[in-house]
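These are the residues of each chain, in order.
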Amino acid sequence: MELFNGGLLDVLKEAPVFFTIIYLLAVFIFGCLIGSFTNVCMYRIPLDQSICHPRSHCTSCNTLISWYDNVPIFSYIVLGRKCRHCGSPISWRYPFVEFLTGTAFFLIAYYYSLQMIVPFFLYYSFVMICISGIDISSQIIPDVFSLSLIAVGIGSSIFNPLLGNGPGERIFNSLLGMGAGGGILLLLGILGTWMFKKDAMGGGDLKLLAGIGAFIGWHKVFSTLFIASVLGTIIGVYLILSKKIERRGYIPFGPFLALAGYINLFIPDPLIILSQLWF
Ligand SMILES: [Zn+2]
C-alpha cells in the first residue's frame, strides 16, 4: 500500500530540471502575491469591508500604495519597514504572511507536482492561512471561507488522490469526511456544553473541520483533530505558564485545526499505518 500520496511524482520527475525549478519558483512567487491578498482579507473581512475597494493604502496616513511599494516581501525590505509617505512602521505580519503563503504553495507544488488537484490544494492552504489570522485577531471563522471550503472540497474530490482511487470512492470519502468533521465537533460541543454548562466549541470550528474533512477524507479528520488538540494543549500551557493569557482566557482553536489540516496533506494516513501494525 502506498503510504505517501504524492512525492515528486510522474511528470516532474521526468521533466528537465530547469522546468521543475521554474515551475516551483513560479508557484512560490504566485503564493507570495496571494499572500498579499491574504493580508487584505485578514484585515478587512472581520471589519466587514470590501476586499476590492479601496485599493491598498497605508493604515496610518491613508495614502494609496503604489504597485512598486506593494511587491510582496521585497518592498518591506526596500522601504526599511516604514511607509514611504508618513514613515509609520509596517507590521512584520505582512511579509510574514506573504512568505508563509508562498512556502505553503511551494510545498504543495513540490509534493503534488502537476496533478489536477494542485490548484484546489492551493485554495485550501490560502483558506487555512486566512482563517488562522482572522480567528487569532477576531475570534471568528467567516462562513465565506469554511462553507466555500466544503463546496470546493466536494467539487474537486474526483481529482483528489488523498480520497482513494476511483471517482466514486473519492466523492463518497469527501462527503463522509465532511460529515465526520462536522459530526465529531457537534458531538464534542454537545458533550462539552452538558459537562461544563457553557459553549465549549464554536460553530465556526465545526464548519472548518467539515471543510477540512471534505478535502482529506474521514480517516484524516481524526488525525487532524488529534494533532490540533496536541498542538493546542502545548501552546495553551505555554501561554498560561508564561502569563501571556489568563488561566481561563480564550485560545482560538481554528488556527490549530488549520495547521493540522494542512500538515495532513503530506503525512501518511494514520489508520493505514495502524492497520499495517496490527495485521
Ligand atoms: Zn503612511
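Residues numbered from 1 in each chain as written. Predicted model: local features only at pLDDT ≥ 70, side-chain atom pairs only at ≥ 80, totals over all residues. Heavy atoms only, no water.

A. Spatial organisation of the pattern of salt bridges. Per the stated rule, a full pass over the model turns up two salt bridges. Residues Asp-69 and Arg-84 are paired through a salt bridge, measuring 2.7 Å at the closest nitrogen-oxygen approach. Of this pair, Asp-69 sits in the loop between helix H2 (17-44) and helix H3 (74-78) while Arg-84 sits in the loop between H3 and helix H4 (93-112), and the two are 15 residues apart along the sequence. In this structure, Lys-207 engages Asp-143 in a salt bridge whose closest nitrogen and oxygen atoms are separated by 2.7 Å. Highlighted residues: Lys-207 in helix H8 (residues 203-241) and Asp-143 in helix H6 (residues 143-155), separated in sequence by 64 residues. Take Asp-143: its relative accessible area is 36%, and that puts it in the partly exposed class. (Salt bridge = Lys/Arg side-chain N within 4 Å of Asp/Glu carboxyl O. Helix = DSSP H or I, 4+ residues; strand = E, 2+ residues; numbered from the N terminus. Buried < 20%, exposed > 50% of the residue type's maximum accessible area, 1.4 Å probe, protein only.)

B. Summary view of the coordination of the zinc ion. Within the protein, Cys-58 (SG), Cys-61 (SG), Cys-83 (SG) and Cys-86 (SG) serve as the donor atoms for the zinc ion, at 2.2 to 2.3 Å. Note that the zinc ion binds four donor atoms; their angles at the metal cover 102 to 117 degrees, and the shape is tetrahedral. Between consecutive donor residues of the zinc ion, the sequence gaps follow C-x2-C-x21-C-x2-C. Of this pair, Cys-61 sits in the loop between H2 and H3 while Cys-83 sits in the loop between H3 and H4, placing them 22 residues apart in sequence. Note on Cys-61: relative accessible area 27%, which makes it partly exposed. (Donors = N, O, S within 2.8 Å, 3.2 Å for Na, K, Ca; no water. Tetrahedral: all angles 85-135°; square planar, octahedral: opposite > 155°, others 65-115°.)

C. Local environment of the environment of Ser-157. You can see Ser-157 is positioned in the loop between H6 and helix H7 (167-196). The spatial distance from the C-alpha of Ser-157 to the C-alpha of Glu-169 is 9.3 Å, given a sequence separation of 12 residues. Leaving out residues up to four positions away in the same chain, Ser-157 has contacts with Leu-163, Arg-170, Ile-171 and Ser-174. Side-chain polar atoms of Ser-157 contact the backbone oxygen of Ile-154, separated by 2.7 Å. (Contact = heavy atoms within 4.5 Å. Polar contact = N/O pair within 3.5 Å; in protein donor to acceptor, adjacent residues only side chain to side chain.)

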